Number of protein chains: 2
Amino acid sequence: MYNYPVKRAPYNKPKISTSNRGMKFEEIINESNEQYLKRDIAVIHKKPTPVQIVEVDYPKRSMAKINEAYYKTPSTTDYNGVYKGYYIDFDAKQCNSTTSFPLSNIHEHQIKHLNDITRHGGIGFLLIQLTRFDEILLLETDKMNYFVKRKNDGGKKSITIDELRESSYLIKESFPIRVPYLDAVDKIIEKMKEKSDN
Amino acid sequence: MYNYPVKRAPYNKPKISTSNRGMKFEEIINESNEQYLKRDIAVIHKKPTPVQIVEVDYPKRSMAKINEAYYKTPSTTDYNGVYKGYYIDFDAKQCNSTTSFPLSNIHEHQIKHLNDITRHGGIGFLLIQLTRFDEILLLETDKMNYFVKRKNDGGKKSITIDELRESSYLIKESFPIRVPYLDAVDKIIEKMKEKSDN
């Protein structure tokens, strides 16, 4: 048997970072919020997952044991809190596609909630992790509304990754605050101030 | 057998209203928040009760059934949201005593949380229902701090009802918004504006 030298086509390894491998998006956001809290920068917490409790037992007087319960659909977003006097509210989404972000990922009640809080002077957005590109984007409520409206008007049911990048703030992973999304919120606050000054 | 006329001491029925009988404090707050939302006045929600999930079953592919779980102590307060651009954050407490409100009702982490959010420009308070007087009071973080400090300095472990009334805003029950606590928040906002103008 001979070992013929085989000329292979050069193999271009796709530029997909793996630095977040094994750490869930939710976890790095929670960790960032802990850092923000510890450094006294902002107070932002994840809300508990709502659970419908069906049966509770009291094996001891002081302890309740839940024997039957089910996950409920949250009626709002997952995260909220306060930063520089502003009400902050957002949801975290993961996108595994390399081409587009399906709008079905955003629930109807979340769209309503983000619009409610924006109308009352809060700052609402989605934090979207493009897992295949290891990229985190912040999409404001207004920009999200544009794509939701396009869909409702009979257009595309998703946002292409290119469109998403053009409409969002890029959140560069950092240390010790892994997801420093408040940097982008600072830019949003500047915009709000300019608007109210005019 | 004779029916002797018996002279009874006049019985002074205590002035305790029963209009809320059967309706829990939490329920009338939730109802008020729904009204505020429906009327587009504010977006304030109760956070779900945190639950530590130990065992989950999947009887159907699409359905998760929680078989063992326990209540966790919340790390924050129960309610938060946005009103007139301000971050609002509070906890609801019931007091069944006719003489004093025990400070042990306010958990250490809630005191910390209310101070955190106040320092960052949010509006934090306790809504206290004096069940025996059918009276609802709003106690701001700063005023709460005064009594907590007094306790920590070796003073009283409770707030007398008179002190509480003097330090709080009275929330008069109303209709259709049963607990119109945002009326008192309006006064707090006015105070904040005056302060920042000076």
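Look up a bit, the structure's there.
Just so it is clear, the structure is predicted and the values come from calculations on it, not from any experiment.

Draft legend 1. Spatial organisation of the sheet that holds strand S10 (residues 169–171) of chain B. All names here are of chain B. Read across the open sheet, the 6 strands follow the order S1-S4-S5-S7-S8-S10; overall the sheet is mixed. Since the sheet does not close on itself, it has two edges, and those belong to strand S1 (43–46) and S10, each with one partner. Across this sheet, the average inter-strand angle for adjacent strands is 25°, counted without regard to direction. The sheet contact formed by S1 and strand S4 (residues 79–83) spans 4 bridges and is antiparallel. Along S4, the bridge assignment pairs His45 with Asn80.

Draft legend 2. Representation of the pairing of strand S8 (residues 135–140) of chain B. Residue and element names in this part refer to chain B. Extensive coverage of S8 is indicated by the burial of 6 of its 6 residues. Burial of S8 is two-sided: the residues Glu135, Leu137 and Leu139 facing one way and the residues Ile136, Leu138 and Glu140 facing the other way are all buried. Remark: 4 residues form the turn of the hairpin made by strand S7 (residues 123–130) and S8, two consecutive strands paired antiparallel; Asp134 in that turn has positive phi of roughly 50°.

Draft legend 3. Expanded view of the interface of chain B and chain A. Between chain B and chain A, the residue contacts involve 36 residues of the former and 36 residues of the latter. The three residues of chain B that bury the most area against chain A are Ile66, Tyr71 and His120 of chain B, which together make up 21% of that side's buried surface. On the surface where chain B and chain A come into contact, there are 2 salt bridges. Across the pair Arg119 of chain B and Asp40 of chain A runs a salt bridge whose closest N-O atoms are separated by 2.7 Å. Linking chain B to chain A there are 11 residue pairs in polar contact (both at pLDDT 80 or more). When residues of the side of chain B that touches chain A are assigned to their parent elements, the largest contribution, 9 residues, is made by strand S3 (residues 63–71) of chain B. The class makeup of the residues in the side of chain B that touches chain A is 18 nonpolar, 11 polar and 7 charged. Note: strand S3 (residues 63–71) of chain A against S3 of chain B, 4 bridges, orientation antiparallel.

Draft legend 4. Seen up close, the relation of the copies chain B and chain A. Between chain B and chain A, the superposition needs a rotation of 180° and an axial shift of 0.0 Å, giving an RMSD of 0.0 Å. The symmetry that links the two subunits is that of a two-fold axis. Comparing contact sets, 100% of the residues at the interface of chain B also lie at the interface in chain A, consistent with an isologous, same-surface contact.

Draft legend 5. Representation of helix H1 (residues 25–38) of chain A. Residue and element names in this part refer to chain A. Here H1 contains 14 residues, and its C-alpha end-to-end distance of 20 Å stays within 8% of the 20 Å for a straight helix at 1.5 Å per residue. Within H1, the full set of buried residues consists of Phe25, Ile28, Ile29, Ser32, Asn33, Gln35 and Tyr36. End-on, the buried residues of H1 take up no more than an arc of 155°, which puts them together on one face. Set apart from the buried face of H1 by more than 90 degrees, the exposed residues are Glu34 and Lys38. Packed against the buried residues of H1 are strand S1 (43–46), strand S4 (79–83), strand S5 (86–95), strand S7 (123–130), strand S8 (135–140) and helix H5 (182–197). Among the residues trailing H1, Asp40 stands out with phi positive, at a value near 60°.

Draft legend 6. Main features of the pattern of salt bridges. Here the structure, examined in full by the defined rule, presents 25 salt bridges over all chains. For Lys84 of chain A, the salt bridge goes to Asp186 of chain A, with nearest N and O atoms at 2.8 Å. Here Lys84 of chain A is found in the loop between S4 and S5, whereas its partner Asp186 of chain A is found in helix H5, with 102 residues between them in sequence. Measuring nitrogen to oxygen at the nearest pair gives 4.0 Å for the salt bridge that ties Arg165 of chain A to Asp162 of chain A. Residue Arg165 of chain A and its partner Asp162 of chain A are both found in helix H4 (residues 161–167); the two are separated by 3 residues, about one turn of the helix. Classification of Arg165 of chain A by relative accessible area gives partly exposed; the value is 31%. Shared partners join several salt bridges into a network, and the residues in it are Asp40 of chain A together with Lys112, Asp116 and Arg119 of chain B.

Draft legend 7. Summary view of the packing of aromatic side chains. Summed over the entire model, instances satisfying the criterion amount to 13 aromatic pairs over all chains. Considering the side-chain rings of Tyr36 of chain A and Tyr181 of chain A, the 5.6 Å spacing of their centres and the 85° angle between planes classify their relative orientation as edge-to-face. Remark: Tyr181 of chain A occurs in the loop between strand S10 (169–171) and H5 and Tyr36 of chain A occurs in helix H1; sequence separation between them is 145 residues. Each member of the pair, Tyr36 of chain A as well as Tyr181 of chain A, is classed as buried. Judged by centre distance (4.9 Å) and plane angle (55°), the ring pair of Phe90 of chain B and Tyr181 of chain B falls under tilted. Of this pair, Phe90 of chain B sits in strand S5 (residues 86–95) while Tyr181 of chain B sits in the loop between S10 and helix H5 (182–197), placing them 91 residues apart in sequence. Of the two residues, Phe90 of chain B and Tyr181 of chain B, both sit in the buried class.

The rules behind the values
Residues numbered from 1 in each chain as written. Chains lettered and ligands numbered in written order. Predicted model: local features only at pLDDT ≥ 70, side-chain atom pairs only at ≥ 80, totals over all residues. Heavy atoms only, no water. Pairing = 2+ DSSP bridges. Helix = DSSP H or I, 4+ residues; strand = E, 2+ residues; numbered from the N terminus. Axes fitted to C-alpha atoms, helices over the stretch in contact; angles between N-to-C directions. Buried < 20%, exposed > 50% of the residue type's maximum accessible area, 1.4 Å probe, protein only. Contact = heavy atoms within 4.5 Å. Buried area = accessible area lost by both parts, 1.4 Å probe. Salt bridge = Lys/Arg side-chain N within 4 Å of Asp/Glu carboxyl O. Polar contact = N/O pair within 3.5 Å; in protein donor to acceptor, adjacent residues only side chain to side chain. Nonpolar A, V, L, I, M, F, W, Y, C, P; charged D, E, K, R; others polar. Least-squares fit on C-alpha atoms with pLDDT ≥ 70 in both. Expected span 1.5 Å × (residues − 1). Arc of directions from axis to C-beta. Phe/Tyr/Trp six-rings, centres within 6.5 Å; stacked < 30°, edge-to-face > 60°.

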